[in-house]
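This is what each chain is made of:
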Amino acid sequence: HAAVGIADSLTIRIYDISGRQAHEATLDRAPTILDDGTGPKYAYEYAWEGHIPSGVYLYSIEAKKNGHGSIRKAVRFAVVR
């Protein structure tokens, strides 16, 4: 789930703890509109599917909109099976 407004594309890259890329996806569809009671927000939703081993991972997202700077964020997460 990435709430970055309306972007032309959103790229998700997932790396394992050693820094090797484990997965990549680019979303170029329109975002979902979510409302948690504070007003509507645009968000991109993506589910990483397949066999995902337990471990610590880092994901980075980059949202691009033509004529604007990119939004980038990186976060660490863990998968426990």
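Here the structure is shown first, and the text comes after it.
What you see is a predicted model; the values in this text were computed from it and never measured.

*Asks:* Got a minute to help me understand the overall build of the protein in this structure?
*Replies:* Within the protein, the regular secondary structure consists of zero helices and six strands. Ordering the α and β elements of the protein from the N terminus gives β-β-β-β-β-β. Among the 81 residues that make up the protein, the fraction classed as buried is 30%. Pairs at least 24 apart in sequence give 47% of the contacts found in the protein among residues at least 6 apart. Put simply, the protein shows about 5700 Å² of open surface, and 51% of that area lies on carbon and sulfur atoms. Of the charged side chains in the protein, 10 are positive and 9 negative, and the gap between their average positions amounts to 7 Å.

*Asks:* Where do I start with the packing of aromatic side chains in this structure?
*Replies:* Centre distance and the angle of the planes are the two values used to describe a pair of aromatic rings. Inspection of the entire model under this criterion finds four aromatic pairs. Here the aromatic rings of W48 and Y57 are separated by 5.4 Å at their centres, their planes lie at 85°, and the arrangement is edge-to-face. A single burial state applies to W48 and to Y57, both of which are buried. Centroid distance Y59 to F77: 5.9 Å. Interplanar angle 55°. Geometry classified as tilted.

*Asks:* I keep staring at the nonpolar core and nothing clicks. Help me out?
*Replies:* Across soluble globular proteins, nonpolar side chains have a tendency to be buried as a group. By size, the foremost hydrophobic cluster in this structure holds 14 residues, and its most contacted members are V4, L10, I12, Y44, Y57 and I61. Secondary-structure elements contributing two or more residues to this core are β1 (9-16) and β5 (55-64). Residue contacts for Y57: discarding those within four places in its chain leaves I14, Y15, D16, A22, W48, I52, V75, R76, F77 and V79.

*Asks:* Quick question: what am I supposed to make of the sheet that holds strand β2 (residues 21-27) here?
*Replies:* Picture the strands of a sheet paired through backbone hydrogen bonds; they go either parallel or antiparallel. Pairing is antiparallel across the open sheet formed by four strands, whose spatial order is β2-β1-β5-β6. Both edges of this open sheet fall to β2 and β6 (71-79), since each of them pairs with a single strand only. Taken pair by pair, the neighbouring strands of this sheet meet at an average axis angle of 15°, ignoring direction. Here β1 runs beside β5; their pairing, made up of eight bridges, is antiparallel. Paired with I14 across the strands is Y59, a residue of β5.

Calculation notes
Residues numbered from 1 in each chain as written. Predicted model: local features only at pLDDT ≥ 70, side-chain atom pairs only at ≥ 80, totals over all residues. Heavy atoms only, no water. Helix = DSSP H or I, 4+ residues; strand = E, 2+ residues; numbered from the N terminus. Buried < 20%, exposed > 50% of the residue type's maximum accessible area, 1.4 Å probe, protein only. Contact = heavy atoms within 4.5 Å. Areas by Shrake-Rupley, 256 points an atom, 1.4 Å probe, with all protein chains shown as cover. Lys, Arg positive; Asp, Glu negative; His and termini not counted. Charge placed at Lys NZ, Arg CZ, Asp CG, Glu CD. Phe/Tyr/Trp six-rings, centres within 6.5 Å; stacked < 30°, edge-to-face > 60°. Core = buried A, V, L, I, M, F, W, Y, C linked by side-chain atoms within 4.5 Å. Pairing = 2+ DSSP bridges. Axes fitted to C-alpha atoms, helices over the stretch in contact; angles between N-to-C directions.

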